[in-house]
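# A look at the structure
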Amino acid sequence: MKSFRFPLEKALDWRRVQLELEEVRYKQQVGSLADLDRQRAEVEAAGIRTEIQVREWRPIAAGDLTALGDYRLYIKARESAIARQRFEAAQKLAEQQQLMLEARRRCRLLERLKERRLAEWTAERDHEVEEIAAES
């Protein structure tokens, strides 16, 4: 009997490559989201540190209070920009997750088909071996 050959092996290999690519893209999106979270935490911490430093000054000049007010506005604007970017990144992450899951489903489908065909081939081979042994 000839050896097992899966006719869709190249398609299965292609699906595996696609899956790996989608997984890499997904991990990049997760990294982008984590980076935005880190940026938000840094901006928030910088705002708190500045607020504490200015409150410790004795005496506080009017110009310093004006600068602090401007800095507060800057921090709020930066936090809003990061929040927008994070929202967009979260949407992209959800889309990429769907693409990755679809690629995984397609790959798994071909893998199951290969497993089924291999099981059929194995059963057929075993049956042939039994027939040859019975004839002997």
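Residues numbered from 1 in each chain as written. Predicted model: local features only at pLDDT ≥ 70, side-chain atom pairs only at ≥ 80, totals over all residues. Heavy atoms only, no water.

## Observations concerning the overall build of the protein
Scanning the protein from terminus to terminus reveals 2 helices and 0 strands. Taken over C-alpha atoms, the radius of gyration comes to 30 Å for the protein, far larger than the 14 Å a tight globule of 136 residues would show. Counting only C-alpha atoms, the protein reaches 110 × 20 × 15 Å along its principal axes. Considering only contacts within the protein whose residues lie at least 6 apart along the sequence, 87% involve residues at least 24 apart. When the accessible surface of the protein is split by element, carbon and sulfur atoms take 55% of a total near 10300 Å². Seen as two clouds, the 27 positive and the 26 negative side-chain charges of the protein have centres 5 Å apart. (Helix = DSSP H or I, 4+ residues; strand = E, 2+ residues; numbered from the N terminus. Rg over C-alpha atoms; globule rule 2.2 N^0.38 Å. Contact = heavy atoms within 4.5 Å. Areas by Shrake-Rupley, 256 points an atom, 1.4 Å probe, with all protein chains shown as cover. Lys, Arg positive; Asp, Glu negative; His and termini not counted. Charge placed at Lys NZ, Arg CZ, Asp CG, Glu CD.)

## Concerning the pattern of salt bridges
In the structure shown here, the tally under the stated rule is 16 salt bridges. Between Glu44 and Arg40 there is a salt bridge, with the nearest N and O atoms lying 2.8 Å from each other. Of this pair, Glu44 and Arg40 both sit in helix α1 (residues 9-56), separated by 4 residues, roughly a single helical turn. Given a relative accessible area of 34%, Glu44 falls into the partly exposed group. Of the charged contacts, one joins Glu102 and Arg106 as a salt bridge, the two residues approaching to 3.5 Å between their closest N and O atoms. Pair noted here: Glu102 and Arg106 are both in helix α2 (residues 62-135), with a separation of 4 residues, about one helical turn. Among the residues examined, Arg106 registers a relative accessible area of 33% and is labelled partly exposed. Put simply, Asp13, Arg16, Arg108, Glu111 and Glu115 are held in one network by salt bridges that share partners. (Salt bridge = Lys/Arg side-chain N within 4 Å of Asp/Glu carboxyl O. Buried < 20%, exposed > 50% of the residue type's maximum accessible area, 1.4 Å probe, protein only.)

## Structural notes on the packing of α1 against α2
As a packed pair, α1 and α2 sit with axes 8 Å apart at the nearest point and diverge in direction by 165°. One way to sum up the angle between α1 and α2 is to call them roughly antiparallel. The two elements α1 and α2 meet at a crossing, and its hand is left-handed. Taken together, the residues that form the contact of α1 with α2 break down as 22 nonpolar, 8 polar and 20 charged. (Axes fitted to C-alpha atoms, helices over the stretch in contact; angles between N-to-C directions. Parallel < 35°, antiparallel > 145°, perpendicular 65-115°, else oblique. Left-handed = near helix turned anticlockwise from the far one by under 90°. Nonpolar A, V, L, I, M, F, W, Y, C, P; charged D, E, K, R; others polar.)

## Examining the nonpolar core
By size, the foremost hydrophobic cluster in this structure holds 8 residues: Phe6, Leu12, Leu19, Met100, Ala103, Cys107, Leu110 and Leu113. Breaking this core down by element, the ones donating at least two residues are α1 and α2. No other element matches α2, which puts 5 residues into this core. Setting aside residues no more than four positions away along its own chain, Cys107 makes contact with Leu12, Arg15, Arg16 and Leu19. (Core = buried A, V, L, I, M, F, W, Y, C linked by side-chain atoms within 4.5 Å.)

## Description of a negative patch on the surface
A surface patch of negative charge is lined by Glu120, Glu124, Glu128, Glu130, Glu131 and Glu135. Relative to the assigned elements, Glu130 resides in helix α2. Its relative accessible area of 54% is what places Glu130 among the exposed residues. (Patch = residues over 30% accessible without salt bridge, like charges linked within 9 Å, V, L, I, M, F, W, Y side chains within 5 Å.)

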